[in-house]
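# Observations on the three-dimensional arrangement
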Amino acid sequence: MNTDFVHMLSQLPDPLLFAGAFLLAGFLSTRFFFRDRPIWRGLCQVASFAGFTIMLVVAGVDPFEPTPPMDHTLKFAAISVFKIIWWLAASWLLVGLLRMMMVFERQPNETRFLQDIVAGIVYVTAVFAIIAYVFDLPIRGLLAASGVIAIVLGLALQSTLGDVFSGIVLNFAKPYHPGDWVILDGGLQGRIVETNWRATQILTPSNDLAIVPNNIIAKAKIINASRSATGHGLTIVVRLEPMVTPSRGCRVLEMALLSCNRILREPEPSVMVRSLDAVALECELQFFVAAIEQGPAAQNELFDLVFRHCSSAGIRQALPPQSASVLPPRPVRRDPGEAPRRLLDHLPIFALLTDDERTALAPKLKRRIFKAGDVLVEHGAVAQALSILSSGALIASQDRGEGMDDGEVVRLGPGDCFGEAGVLTGSPSPFRVSALTRGVVFEIDKDDLAPLLKQRPAIAAELGQILARREATGRARFEQDDHDRAGEDLSERLAERVRHLFGLV
């Protein structure tokens, strides 16, 4: 520092008073004036510390040198207090700077543990500096004594220290980050909330917060389900009756996978025969979802499709392996003419019909066979019949404009229907429906369906809801927007138009 400047400051009243004034000014400015302005608050803290340091230097106080004995006891005490404050303030500013640098790296949560470790080291160093430079005590003996104490504490706190050092390893290795979905040994799984100095907090699927010590996680096998670039893989096991040939069973299960809307197409789902004996044909279905949270919904949909496809193909499920019972003899093959009535009995949209109404409607269903690649409904075509898929898998796609390929909207399995737009409102179809596999559909002409819709308006409303949901799904997929309200408005318009069309008002 310039000697003339120091000499000029030394001519002022006691610099220690100015040092105290700088401390008071910094405290008041950060607490009251710039409380809601972090940048200005930080600048005031730095300026206050700089002014405080300059005043100490002018007063001849060196924080790195022990305070020499003096006759004036009050001044000696003030200098000692100011030196303690200087070391604590310097440590506090250094810790704040380190924390700010870690925040600038945009990893405040992931580096919180390391921030605490660094802050602890800085503050411990400051304490030793105060002991050496303020109280003028030898720290070698203190370090030796503290080593003995550390050994005793280490033996008493083995578990806690194991968690701390395991936390350090986990923070450096970073096998997971907050927000990742992990699966641990023993079946515990959930989303990482936070990792602190002792434990990792995991939010389980049941919305409970599991606190797992870092020592246990460091030794456990960890599966990070959020780091996969191709999605999360799942498997389900299906047991079919042993009279079904493996090739036919796999073909039916592959159609169920093709019909599922909640699984990924890449990597490709697959069916593998696990075993075949006199009790069951056991098959394993492997598929992938975009995120592990979507797994339960995808499994539910796939199990439903497996049941529908197997029922359509006349395949029964096998009994559990621990069951001592056997399946009853297969009934005599039913007449294919009974298929329309069986289809009506299992369709939710016709659940309100009486037995007599289903019996009267069944002969009006016309059977239509299609093969893979066939187009059942073109874009803009006005359907004159409601089509109900009995077997096979279909895909409904939407025109995305000139120069762009059709985009997939939804896949259809046994029991799903299409052609609602033409039957309900006479409007052209917004979708192109094509076949993924060979199969069968049954068609109900609009003229045969009209009297039924007049007697059962709820059926028309349900068909309108199905069409509205599909159109909303198509817009949401291609425009990446939320169209739930648009879907509701569309269903209301469709229901109103249906009522006018069939004279229900």
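Residues numbered from 1 in each chain as written. Predicted model: local features only at pLDDT ≥ 70, side-chain atom pairs only at ≥ 80, totals over all residues. Heavy atoms only, no water.

Another aspect to go through is helix α10 (residues 295–313). For α10, built from 19 residues, the straight-helix expectation of 27 Å at 1.5 Å per residue is met to within 8% by its first-to-last C-alpha distance of 26 Å. Taken together, the buried positions of α10 are Gly 295, Ala 298, Glu 301, Leu 302, Leu 305, Val 306, His 309 and Cys 310. Along the axis of α10, the buried residues cluster in a sector spanning 160 degrees; they form a single face. In α10, the exposed positions angled more than 90 degrees off the buried face are occupied by Asn 300 and Phe 307. Packed against the buried residues of α10 are β6 (232–240), α9 (246–259) and β8 (281–289). One or two positions beyond α10, positive phi appears at Gly 314, with a value near 75 degrees. (Helix = DSSP H or I, 4+ residues; strand = E, 2+ residues; numbered from the N terminus. Expected span 1.5 Å × (residues − 1). Buried < 20%, exposed > 50% of the residue type's maximum accessible area, 1.4 Å probe, protein only. Arc of directions from axis to C-beta. Contact = heavy atoms within 4.5 Å.)

Okay, a nonpolar patch on the surface next. A contiguous nonpolar patch, built from Val 193, Leu 203, Leu 209 and Ile 211 and spanning about 330 Å² of accessible area, is present on the exposed surface. Checked against the element boundaries, Ile 211 lands in strand β4 (residues 209–213). (Patch = residues over 30% accessible without salt bridge, like charges linked within 9 Å, V, L, I, M, F, W, Y side chains within 5 Å. Areas by Shrake-Rupley, 256 points an atom, 1.4 Å probe, with all protein chains shown as cover. Salt bridge = Lys/Arg side-chain N within 4 Å of Asp/Glu carboxyl O.)

Moving on to the pattern of salt bridges. Applying the stated criterion to the full structure yields 19 salt bridges. The partner of Lys 366 in a salt bridge is Asp 445, with the nearest N and O atoms 2.8 Å apart. With Lys 366 in strand β9 (residues 366–370) and Asp 445 in strand β16 (residues 439–445), this pair connects stretches of sequence that are 79 residues apart. By relative accessible area, which is 44% here, Lys 366 ends up partly exposed. You can call Asp 445 partly exposed: its relative accessible area is 23%. Among the charged side chains, a salt-bridge network with shared partners connects Arg 239, Arg 274, Glu 282 and Glu 284.

With that out of the way, let us pick up the packing of α9 against α10. Closest axis-to-axis distance for the α9/α10 pair is 9 Å, and the angle between their directions is 135 degrees. Overall, the two elements α9 and α10 adopt an arrangement that is oblique. In this structure, α9 crosses over α10, and the sense of that crossing is right-handed. Contacts between α9 and α10 pair Arg 248, Val 252, Leu 253, Met 255, Ala 256, Leu 257 and Ser 259 from the former with Glu 301, Leu 302, Leu 305, Val 306, His 309, Cys 310 and Ala 313 from the latter. Residues of the contact of α9 with α10, tallied by class, amount to ten nonpolar, two polar and two charged. (Axes fitted to C-alpha atoms, helices over the stretch in contact; angles between N-to-C directions. Parallel < 35°, antiparallel > 145°, perpendicular 65-115°, else oblique. Left-handed = near helix turned anticlockwise from the far one by under 90°. Nonpolar A, V, L, I, M, F, W, Y, C, P; charged D, E, K, R; others polar.)

Attention now goes to the sheet that holds strand β10 (residues 375–377). Ordered by their spatial adjacency, four strands build an open sheet running β10-β15-β12-β13, and the pairing between neighbours is antiparallel. Pairing within the sheet leaves two strands with one partner each, and these edge strands are β10 and β13 (407–412). The mean inter-strand angle of the sheet, taken between neighbouring strand axes irrespective of direction, is 30 degrees. Here five bridges tie strand β12 (residues 394–398) to β13, and the two strands are oriented antiparallel to one another. The partner of Gln 398 across the bridge, within β13, is Gly 407. (Pairing = 2+ DSSP bridges.)

Right, let's talk about the sheet that holds strand β11 (residues 385–391) for a bit. Strand order in the open sheet formed by four strands is β9-β16-β11-β14, with antiparallel pairing between adjacent strands. In this open sheet, the two strands that pair with only one neighbour each are β9 and β14 (417–418). Where β9 meets β16, five bridges bridge the pair, whose relative direction is antiparallel. By the bridge assignment, Arg 368 is partnered in β16 with Val 441.

The next thing to look at is the side chain of Ser 387. Position of Ser 387 relative to the elements: it lies in strand β11. Since its relative accessible area comes to 6%, Ser 387 is described here as buried. Excluding residues that lie within four positions of it along the chain, Ser 387 makes contacts with Asp 416, Cys 417, Phe 418, Phe 442 and Glu 443.

There is a patch of like positive charges on the surface, built from Arg 248, Arg 251, Arg 367 and Arg 438. Looking at where Arg 438 falls in the secondary structure, it is placed in the loop between β15 (432–435) and β16. (Lys, Arg positive; Asp, Glu negative; His and termini not counted. Charge placed at Lys NZ, Arg CZ, Asp CG, Glu CD.)

Here the focus is unusual backbone geometry. Residue Pro 267 is bonded to the preceding Glu 266 through a cis peptide linkage, with omega at -5 degrees. Among the secondary structure elements, Pro 267 is positioned in the loop between α9 and β7 (270–276). Located in the positive-phi region is Asn 207, a residue other than glycine, with phi close to 65 degrees. When you line up the elements, Asn 207 lands in the loop between β3 (199–203) and β4.

This part takes up the confidence of the model for the protein chain. Low pLDDT marks stretches whose predicted atomic positions should not be read closely. Per-chain confidence: the protein chain averages 78 in pLDDT, with 76% of residues scoring 70 or above. Confidence over residues 9–13 falls short of pLDDT 50; this stretch has six contacts with residues more than four positions distant or in other chains. A low-confidence stretch, residues 481–488 (pLDDT under 50), is modelled with eight contacts involving residues beyond four sequence positions or located in other chains. (pLDDT = per-residue confidence, 0-100.)

Our focus in this paragraph is the pairing of strand β2 (residues 189–195). For strand β1 (residues 181–184) and β2, the ladder comprises three bridges, and the chain directions are antiparallel. When the bridges of β2 are listed, Ile 183 appears paired with Gln 189. Hairpin geometry of β1 and β2 is characterised by an intervening segment of four residues between the two adjacent antiparallel strands and by a positive phi of about 90 degrees at Gly 186. Where β2 meets β3, four bridges bridge the pair, whose relative direction is antiparallel. Bridge pairing links Glu 194 to Gln 201 in β3.

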